Amino acid sequence: MTTTTSLIGAPVDRIEGDEKVRGAALYAAEHPVQRPVHVFPLQANIALGRITGIDTAAAMREPGVLGVLTHENAPRLASTQDAELAILQSPEVAFRGQFIGAVLAETAEAARRAANLVRPSYETRTHDVSLHPARADLVKPGELNGGFPTDTDDGDVDGALAAAAVVVDATYTTPQEHNNPLEPHATIAMWTDDELTLYDSTQGVHWVRDTIATLFGMEPHRIHVVCPHTGGGFGSKGLPHAHVVLAAMAAQLVAPRPAKLVLTRQQMFSVVGYRTGTIQRIRLGCDAAGVLSAISHDVVEQTSRIKEFAEQTAVPTRVMYAAPNRRTTHRLAELDVPVPSWMRAPGEAPGMFGLEVAMDEMAIACGLDPVEFRIRNEPDTDPESGRPFSSRNLVACLREGARRFGWAERDPAPRAHRDGPWLVGTGVAASTYPVFSMPGSRATIQARPDGRYRVLIGAADIGTGAWTALTQIAADALGVGMSEVALSIGDTDLPYATGAGGSTGILCWGSAIVDAARRLRAELPAGEPVPDEGVEVTGALPDNPYAGQLSMHSFGAQFAEVRVHTATGEIRVPRLLGIFAVGRMINAKTGRSQLLGGMTMGLSMALHEHSVVDPRFGHVVNHDFAGYHIPVNADIGEIEADWIDEHDPYVNPLGAKGIGELGIVGTAAAIANAAHHATGIRVRELPITLDRFLS
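The sections below set out a description of the structure shown in this document. (Residues numbered from 1 in each chain as written. Predicted model: local features only at pLDDT ≥ 70, side-chain atom pairs only at ≥ 80, totals over all residues. Heavy atoms only, no water.)

**Digging into the overall build of the chain**
Of the regular secondary structure elements, the chain holds 15 helices and 26 strands. Relative to a compact globule of 695 residues, whose C-alpha radius of gyration would be 26 Å, the chain shows 26 Å and is just as compact. The principal-axis extents of the C-alpha atoms in the chain amount to approximately 75 × 75 × 50 Å. The buried share of the chain, taken over its 695 residues, is 62%. For the chain, the proportion of contacts with a sequence separation of at least 24, taken over those separated by at least 6, is 81%. When the accessible area of the chain is evaluated, it comes to approximately 25,600 Å², of which 51% is carbon and sulfur surface. (Helix = DSSP H or I, 4+ residues; strand = E, 2+ residues; numbered from the N terminus. Rg over C-alpha atoms; globule rule 2.2 N^0.38 Å. Buried < 20%, exposed > 50% of the residue type's maximum accessible area, 1.4 Å probe, protein only. Contact = heavy atoms within 4.5 Å. Areas by Shrake-Rupley, 256 points an atom, 1.4 Å probe, with all protein chains shown as cover.)

**Looking at the sheet that holds strand 23 (residues 571-581)**
As summarised here, the arrangement of the 5 strands in space is 16-17-22-23-26, forming an open sheet in which the pairing is mixed. Single-partner strands in this sheet number two, and they are strand 16 (417-419) and strand 26 (638-643). Taking each pair of neighbouring strands and ignoring which way they run, the sheet shows an average axis angle of 25°. Bridge count between strand 16 and strand 17 (residues 422-434): 3 bridges; the pairing is antiparallel. Of the residues in strand 17, the one forming a bridge with Asp-419 is Trp-422. Docked against the sheet, helix 15 (residues 667-679) engages strand 17, strand 22 (553-565) and strand 23, running at close to 155° with respect to strand 17. (Pairing = 2+ DSSP bridges. Axes fitted to C-alpha atoms, helices over the stretch in contact; angles between N-to-C directions.)

**Things to note about the environment of Leu-332**
Mapped onto the secondary structure, Leu-332 falls in strand 15 (residues 325-335). The buried category is assigned to Leu-332, whose relative accessible area is 0%. Setting aside chain neighbours within four positions, we find Leu-332 in contact with Asp-137, Leu-138, Val-139, Pro-141, Glu-301, Gln-302, Thr-303, Glu-308, Phe-309 and Ala-310.

**Observations concerning the layout of surface pockets**
There is about 760 Å³ of room inside the second largest pocket. Lining of the second largest pocket is provided by 35 residues; of these, Val-435, Phe-436, Ala-547, Leu-550 and Met-552 occupy positions nearest its centre. Of all elements in the fold, only helix 8 (317-320), strand 17 and helix 13 (505-523) reach the threshold of two or more residues within the lining of the second largest pocket. No other element matches the 3 residues that strand 17 contributes to the lining of the second largest pocket. Tallied by class, the residues present in the lining of the second largest pocket amount to 21 nonpolar, 8 polar and 6 charged. (1 Å grid on protein atoms, 1.4 Å probe; cavity = no way out; pocket = protein on both sides within 12 Å on 5 of 7 lines; lining within 4 Å. Points joined across faces, edges and corners; volume = space filled by probe spheres on them. Nonpolar A, V, L, I, M, F, W, Y, C, P; charged D, E, K, R; others polar.)

**Observations regarding the sheet that holds strand 7 (residues 152-154)**
With mixed pairing, the 5 strands of this open sheet are ordered in space as 7-15-14-13-8. Pairing within the sheet leaves two strands with one partner each, and these edge strands are strand 7 and strand 8 (166-174). The average angle at which neighbouring strand axes cross in this sheet is 15°, direction not considered. Sheet analysis places strand 8 next to strand 13 (residues 278-286), joined by 9 bridges and oriented antiparallel. Within the sheet, the bridge partner assigned to Ala-170 lies in strand 13 and is Ile-282. Across the sheet, helix 9 (residues 348-365) is in contact with strand 8, strand 13 and strand 14 (292-304); its angle to strand 8 comes to roughly 150°.

**As for the pairing of strand 22**
Burial analysis of strand 22 places 12 of its 13 residues in the buried class, which makes it a mostly covered element. Examined bridge by bridge, strand 17 and strand 22 share 13 bridges and lie antiparallel to one another. Across the sheet, Gly-425 pairs through a bridge with Val-562, a residue of strand 22. Between strand 22 and the antiparallel strand that follows it, strand 23, lie 5 residues; Gly-569 among them carries a positive phi value of about 80°.

**Here we look at the environment of Ser-511**
In this fold, Ser-511 is placed in helix 13. Measuring from C-alpha to C-alpha, the distance between Ser-511 and Gly-490 comes to 17 Å, with 21 residues separating the pair along the chain. Apart from the residues lying within four places of it in its own chain, the contact partners of Ser-511 are Ile-506, Ala-540, Leu-541, Pro-542, Asn-652, Pro-653 and Leu-654.

**Notes on the packing of helix 5 (residues 205-216) against helix 6 (residues 242-254)**
Where helix 5 meets helix 6, the axes come as close as 11 Å, and the angle between the chain directions of the two elements is 55°. Of the possible angle classes, the one that applies to helix 5 and helix 6 is oblique. Considering only the axes of helix 5 and helix 6, their crossing is right-handed. In contact with Val-208, Ile-212, Leu-215 and Phe-216 of helix 5, helix 6 contributes Val-244, Val-245, Ala-248, Met-249 and Gln-252. Across the contact of helix 5 with helix 6, the residue classes tally to 8 nonpolar, 1 polar and no charged. (Parallel < 35°, antiparallel > 145°, perpendicular 65-115°, else oblique. Left-handed = near helix turned anticlockwise from the far one by under 90°.)

**Section: the state of the cysteines**
Using the criterion set out here, one finds 0 disulfides in the structure. Take Cys-366: it sits in no disulfide, and the sulfur closest to it among the cysteines is that of Cys-286, at 4.1 Å. Free cysteine Cys-508: the closest other cysteine sulfur is in Cys-227, separated by 18 Å. (Disulfide = S-S within 2.5 Å.)

**Examining the nonpolar core**
Counting 81 residues, the largest nonpolar core has Leu-292, Met-320, Phe-353, Phe-559, Ile-671 and Ile-688 as its most contacted members. At 9 residues, helix 9 tops the list of elements feeding residues into this core. In contact with Met-320, not counting residues within four places along its chain, are Met-352, Leu-355, Glu-356, Pro-379, Arg-392, Leu-394, Ala-430, Thr-432 and Phe-555. (Core = buried A, V, L, I, M, F, W, Y, C linked by side-chain atoms within 4.5 Å.)

**Some thoughts on the pattern of salt bridges**
This model, assessed by the stated rule, comprises 45 salt bridges. Of the charged contacts in the structure, one is a salt bridge between Asp-18 and Arg-22, with a shortest N-O distance of 2.7 Å. Remark: Arg-22 and Asp-18 occur in helix 1 (residues 17-22); sequence separation between them is 4 residues, near one turn of the helix. Among the salt bridges present, the one from Arg-275 reaches Glu-311, with a minimum N-O distance of 3.5 Å. Taken together, the residues span a long stretch of sequence, with Arg-275 in the loop between helix 7 (265-271) and strand 13 and Glu-311 in the loop between strand 14 and helix 8 at a distance of 36 residues. Accessibility expressed as a relative area gives 1% for Arg-275, which makes it buried. The class for Glu-311 is buried, based on a relative accessible area of 0%. (Salt bridge = Lys/Arg side-chain N within 4 Å of Asp/Glu carboxyl O.)

Such coordinate-based values are descriptive only and should not be taken to indicate function.
Quick look at the structure:
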């Protein structure tokens, strides 16, 4: 092994970029299989009830139709504990859009055409899909997503609020939002000799394997999951959803032929998760000097009646600012709706919108600059646990961002800056995301006599640049050039890897690779030739000795300029700046891309995204890109993401922190705060639409 200049941090182009540009990179539905049977799901068009009959006669007469899968002929699952995945096991309907069957045909067109001819009949029951905070039946979840405790209560919040010189007491709401990755969810399933192969669009091949093994009562080694490329997921492809089960069931009926299922955009709105809507009451109390004495964050959100998912919305409030009296609570409305799930930065994205807008309101009420107010309430240690931070550079991000944004020239008075018919304002908000670690990832390195190395790990590249970053990490750890490393990922035949979720992927997989390289160096000292048969070692993500001793988080500061048209209420964001503290950056090019993508998604959250539920029928009515708005290039002005130098050797062997989700956090609040500065109108409900500014 030879020593080279460090590759970590270099702005390396994607090594798979050429394949993607040429259309040669295989996504789930594109894997070549022989004579696939096409599967088109049947979905319930009632919100609650049971199926009393399914007339499939007309569908079966259609040319090319091979069969109709329903609860009457579906394979029985070995486990039905997960009600989201235990499909076609009974005639019960728990939400509109639930899978009640599928048409199997020779072509996708025939399957879709025949699906429209299937006639189910139902016995309906009264459904409930309305989220509001005054419900008498709200429940306390057992725990929040991520394993966090549901509630926290320190000190005397009510007493501190009563004694505070300045109090903010307001409610902030965020709507349901849907992930909408560019590549729709798709699965090809194939049974051969009681073994199952799945080509699936997923954020974790081993997560899919283990889940499907439990459902079908199989040994995991009998299931092979393949996914070299995923066209985005944003959390919706983190854990397998019902369509994977449906594809595997369909494949059982037509074995040994493979079954191919590709969800439509509309179907994705019902069965692959979404971000729950939230209603957040935030109360802040300050003394006359602008020092927080109390923070209270109470959240009401929804879950599905058949499976609990509790978003950790108020959790970031527990760590952000110093105050001796603190309380957070989460309550759920159990509704007859699809199951919510992960969406990029779950908890932090909606929760920091509420907190950071409230912080802006409190800064103004105290007569303080919003940047200075945040700095004034910077904690010395983690306010919740009392542990020291492994590193906390929020203040550095705020100061650097303010300098680069030109914050010092800002007139703090609302409506002070006008450019023709446009009111111009600027706003700031903080970002944070925890440094998670998911145990279990392993990596194998094979050294060859020709000086090349093969690196094997069942990781996932969901468009974030993992192919490139992991190759950089391996080459750097081995002391060779990237061209001497051949990486294999996205296959359960490779060593176990956790999925891409919680901004943990590169950190966990990369640390396992570094450990394997260390073991290889111990087995093959420098200068010693590789034997003809080669050398193979396997490393694993090591235990972190600082876990439980230090509080580990990424931080950042978001700055936004907003323009609001005085006649139309149109809102534009010509300028966004994000400055972040993310430890050691692995790839400056793909890393910046991730932060820019998160900020763009935050702008989308601020101005566009809103899944509208029709309470009469229980479904999202704007379930396509014609009605569910996301930003296009014309919506994005000047957007810049950068990071400060941060050394944090405590988080993992790489000294790196996750970045995939940090960029979205705080962006919506910065835009809302800028809109208030421009207009004097405080918007506490997302998305921010033009009607809010018209009198």
